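Per-entry structural report
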Amino acid sequence: AVHVIKALAFLSACGVMKVCYQHLTTLAVPHRLQGRIFALMQTLVAVGSIAGNWFGTRLWEHETSMTSKGTLPFLMASSMFMLAGCLIAGLLAMPPPCGPMPVTHIAEEGPED
C-alpha cells in the first residue's frame, strides 16, 4: 500500500511539473515565440521518452556496490528531479542585481522654433 501511495505521489509531481514548466514558459517567452517554444518542449519530451525507454532498460540490469539490481533508474530519475527543482528554485529566487539602478533621463520635448 505504501508503494502505491509513493507511486501516485511521484506521478502527480511529474504532472504538476509539466504544468509549471508550461506556465513559466508563457511568462518568460514573448507571445510571438510561444508556439515555437512549445513545439521545442514537446520535441524534447518525445526525445526524452525515447532515450528513457532505451537507456532505462539497460540501467535496470546494472548493479553497483552501493545499489542493487534495478534501483539505478530510480536513483537517477530522483536525482534529476532534485537537480531540476533546485535550478528552478534558484532561477525564481535570484536576488536583484547589486549596485545602483541606472537612471534614465527622458528629454522633454518642447515646441520647436
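Residues numbered from 1 in each chain as written. Predicted model: local features only at pLDDT ≥ 70, side-chain atom pairs only at ≥ 80, totals over all residues. Heavy atoms only, no water.

1. Examining the overall build of the protein chain
The secondary structure content of the protein chain amounts to three helices and zero strands. Expressed as a percentage of the 113 residues in the protein chain, the buried residues total 8%. In the structure as shown, the protein chain presents an accessible area of about 10000 Å², 72% of it carried by carbon and sulfur atoms. (Helix = DSSP H or I, 4+ residues; strand = E, 2+ residues; numbered from the N terminus. Buried < 20%, exposed > 50% of the residue type's maximum accessible area, 1.4 Å probe, protein only. Areas by Shrake-Rupley, 256 points an atom, 1.4 Å probe, with all protein chains shown as cover.)

2. Some remarks on the packing of helix α1 (residues 2-28) against helix α3 (residues 72-92)
At a minimum axis separation of 13 Å, α1 and α3 run at an interaxial angle of 35°. With respect to the hand of their crossing, α1 and α3 are arranged in left-handed fashion. Facing Phe10, Cys14, Met17, Tyr21 and Leu24 of α1, the residues of α3 in contact are Phe81, Ala84, Ile88 and Leu92. Grouping the constituent residues of the contact of α1 with α3 by class yields nine nonpolar, no polar and no charged. (Axes fitted to C-alpha atoms, helices over the stretch in contact; angles between N-to-C directions. Left-handed = near helix turned anticlockwise from the far one by under 90°. Contact = heavy atoms within 4.5 Å. Nonpolar A, V, L, I, M, F, W, Y, C, P; charged D, E, K, R; others polar.)

3. Topic: the confidence of the model for the protein chain
Mean pLDDT over the protein chain: 78, with 81% of residues reaching 70 or higher. Per-element mean pLDDT across the protein chain ranges from 81 in α3 up to 85 in helix α2 (residues 34-60). (pLDDT = per-residue confidence, 0-100.)

4. Digging into the side chain of Thr25
Along the chain, Thr25 falls in helix α1. When residues no more than four places from it in sequence are discounted, the contact partners of Thr25 are Gln34, Ile37, Phe38 and Met41.

5. Things to note about the packing of α1 against α2
Contact geometry for α1 and α2: axes closest at 10 Å, N-to-C directions at 155°. Here α2 runs roughly antiparallel to α1, going by the angle between their axes. You can see that α1 and α2 cross each other, and the crossing is right-handed. Touching Lys18, Tyr21, Gln22, Thr25 and Thr26 of α1 are Gln34, Ile37, Phe38, Met41 and Gln42, all from α2. Of the residues in the contact of α1 with α2, the class split is four nonpolar, five polar and one charged. (Parallel < 35°, antiparallel > 145°, perpendicular 65-115°, else oblique.)

6. Examining the side chain of Gln34
Tracing the chain through its elements places Gln34 in helix α2. Judged by relative accessible area, which is 16%, Gln34 ranks as buried. In terms of polar contacts, Gln34 uses its side chain to reach the backbone carbonyl oxygen of Thr26, at 3.1 Å. If near-sequence neighbours (up to four positions away) are discounted, Gln34 is found in contact with Thr25, Thr26 and Val29. (Polar contact = N/O pair within 3.5 Å; in protein donor to acceptor, adjacent residues only side chain to side chain.)

7. With respect to the environment of Thr25
Judged by its relative accessible area of 12%, Thr25 falls in the buried class. Once the C-alpha coordinates of Thr25 and Ile37 are considered, the two residues, twelve residues apart in sequence, prove to be 7.9 Å apart.

8. Section: the environment of Val29
You can see Val29 is positioned in the loop between α1 and α2. The residues contacting Val29, other than those within four sequence positions of it, are Gln34 and Ile37.

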